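Read off the chains here:
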Amino acid sequence: MRRLNFIGRVLGLAAAGLVPIAVTPRAHAAPGGLPAPAGHADSSPEWDNLREKLFQARPVDATPGTVQIIAPLRAAYGASVPVKIVSKLAQTPELYVKRIYLLVDKNPSPLAAVLDLTTDVGQADFETRLRVDEYSHVRVVAELSNGRLHTDSRYVKTSGGCSAPPNREALNLIGKTLLKVPGPVAMNQPTAAEVTVIHPNDTGFELNSVTVMFIPAHFVRSIKVSFAERPIFDAELDFSISENPTLRFNFVPHGQGTLKAEVEDTKDGRWVGTLAVG
Amino acid sequence: MPRFFVTACLALWLAWLSPAANAAGIPAPYAPLVVEPIGVPARYEFDLTAALARARRENKRLYVYLGASDCPYCAKYEAFLAQNAAVLVPHFAEKYIVVDLRSALSVTAQRLYIRVGERSLPYADFQRAIGDERARMLVYPSVWLLDQDAKPLMQMPAGNGTFQTVPEQLEILRLEQ
């Protein structure tokens with residue numbers, strides 16, 4: 001056990017860039033040891049495995065036109081890669097995006113988020129920030145109310161997103177849940193909003209440089225958003241979401257009401273944020 | 001025992017890095033415009049005014065490299081540039097003036113200033129002023145791609161580990177996002 005702990009620590013240090021580990025060259029390695037070039041629409045062994053586990057033999061349609069993921073080829077920081085999911089489909093009772101899966105193929109825990117949506121989202125667009133641990137595809141899969149699956153992907157070049165030291169300046173505010181409606185409120189129309197939870201979202205792979213111990217995983221696992229007691233979406237999250245998890249979303253207000261976000265983390269911390277709208 | 005091994009690994013890592021920890025700056029074939037800091041040691045101020053004026057005269061962009069003399073990752077990148085100069089220099093020279101800001105790891109974000117004309121800003125304020133997301137943390141080395149008005153041509157990553165192959169360096173020069 002002690003030996004395993006040691007190996008884990010050394011591998012963790014390597015992940016943090018602190019210990020060089022000689023990697024056996026593979027045929028597809030690019031010069032410099034970086035991963036071989038990949039196209040945005042390419043598959044990966046991790047995705048092939050995930051797709052089978054999540055969706056079994058169901059077809060996943062990658063034809064453009066239903067859902068799109070927008071992410072930079074390189075981000076400022078691997079621990080905070082901005083991603084935007086754009087739905088090309090209006091949320092109507094007849095046909096709507098029922099569930100969104102957000103994945104990072106090569107992360108230690110690839111399933112970053114699962115969002116269960118209602119038609120009260122109005123427009124199933126979401127923005128958040130992801131930790132991306134190494135060169136990897138980030139993917140979205142949209143499950144429609146008719147059961148069909150649509151996907152899009154982008155290849156992101158970055159590293160160390162899961163082992164980057166977190167910002168620990170506001171631990172006294174942990175759990176504080178902030179809701180914002182940045183623009184004008186449009187009754188009966190999709191209205192943009194944002195929820196942010198102040199939280200380090202520790203991955204378990206970050207090293208405390210003083211103790212040389214890993215900071216235990218501690219992250220937001222669920223955010224449930226409602227307006228006027230009507231559910232908008234439920235998000236099941238993982239540590240692949242960046243610290244201070246933020247989701248930008250839409251909702252359709254039909255009158256005055258309270259926008260509410262209920263938050264839970266992996267240590268059973270529970271918080272609620274509210275915002276009067278209208 | 002594990003702590004001993006970890007310490008040993010860290011020592012090995014430092015030993016591994018130390019031979020490369022003497023960064024000399026951008027290699028000569030790139031004809032870098034070297035900018036030495038002024039105000040040392042209280043602060044390290046790098047003035048981009050002359051580089052921007054030259055960019056306007058020559059109708060080119062700036063490839064601004066901030067390296068530290070004692071930074072192993074800077075030395076690694078500079079060695080990569082030196083090894084691949086024959087291929088890369090024509091691509092740099094076509095559109096860019098390479099600007100080499102010479103710093104040191106001891107120079108933190110609070111002491112590092114960037115001047116453009118009459119305005120001199122500490123690192124984080126400069127980054128915020130130009131809309132660069134890397135305001136939170138100064139990382140050596142850093143690269144900015146700037147137009148003739150000191151506006152970023154694209155958001156660059158912290159560090160340069162993602163463009164140390166020839167194809168990826170060319171991606172950066174082509175502003176692929």
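Residues numbered from 1 in each chain as written. Chains lettered and ligands numbered in written order. Predicted model: local features only at pLDDT ≥ 70, side-chain atom pairs only at ≥ 80, totals over all residues. Heavy atoms only, no water.

Draft legend 1. Summary view of the state of the cysteines. Residues and elements named next belong to chain B. According to the stated counting rule, one finds one disulfide over all chains in the structure shown. Paired by a disulfide, Cys-71 and Cys-74 hold their sulfur atoms 2.4 Å apart. Here Cys-71 and Cys-74 share a disulfide; its torsion about the S-S bond, 90°, makes the bridge right-handed. Judged by its relative accessible area of 0%, Cys-74 falls in the buried class. (Disulfide = S-S within 2.5 Å. Buried < 20%, exposed > 50% of the residue type's maximum accessible area, 1.4 Å probe, protein only.)

Draft legend 2. Broad picture of helix 6 (residues 166-173) of chain B. Residues and elements named next belong to chain B. Among the eight residues that make up helix 6, seven are buried, leaving the element largely enclosed by the rest of the structure. Within helix 6 the residues assigned to the buried category are Val-166, Glu-168, Gln-169, Leu-170, Glu-171, Ile-172 and Leu-173. Remark: Leu-175 follows helix 6 within two positions and exhibits a positive phi of approximately 65°. (Helix = DSSP H or I, 4+ residues; strand = E, 2+ residues; numbered from the N terminus.)

Draft legend 3. The pairing of strand 6 (residues 126-130) of chain A, seen in detail. Residues and elements named next belong to chain A. Here strand 6 shows a clear split, with Phe-126, Thr-128 and Leu-130 buried on one side and none of Glu-127 and Arg-129 buried on the other. Strand direction decides the pairing type here: strand 3 (residues 81-87) and strand 6, joined by five bridges, are antiparallel. Opposite Val-81, over in strand 6, you have Leu-130 as the bridge partner. (Pairing = 2+ DSSP bridges.)

Draft legend 4. The sheet that holds strand 4 (residues 97-104) of chain A, seen in detail. All names here are of chain A. In spatial order, the strands read 1-8-7-4-5-14-13-16-17; together these nine strands make up an open sheet with mixed pairing. Each having just a single partner strand, strand 1 (60-61) and strand 17 (270-277) make up the two edges of the open sheet. Sheet topology note: the strand 16 (residues 257-265)/strand 17 ladder contains eight bridges and is antiparallel. Opposite Thr-258, over in strand 17, you have Ala-276 as the bridge partner.

Draft legend 5. Inspection of unusual backbone geometry at higher detail. Residue and element names in this part refer to chain B. Residues Val-40 and Pro-41 are joined by a peptide bond in cis, for which omega reads 5°. Structurally, Pro-41 is set in the loop between strand 1 (33-35) and strand 2 (44-47). The omega angle of the peptide bond from Tyr-140 to Pro-141 is -5°, so this bond is cis rather than trans. Topologically, Pro-141 is positioned in the loop between helix 5 (123-130) and strand 7 (142-146). In the Ramachandran plot, Ala-150 falls in the positive-phi region, its phi being about 65° despite a non-glycine side chain.

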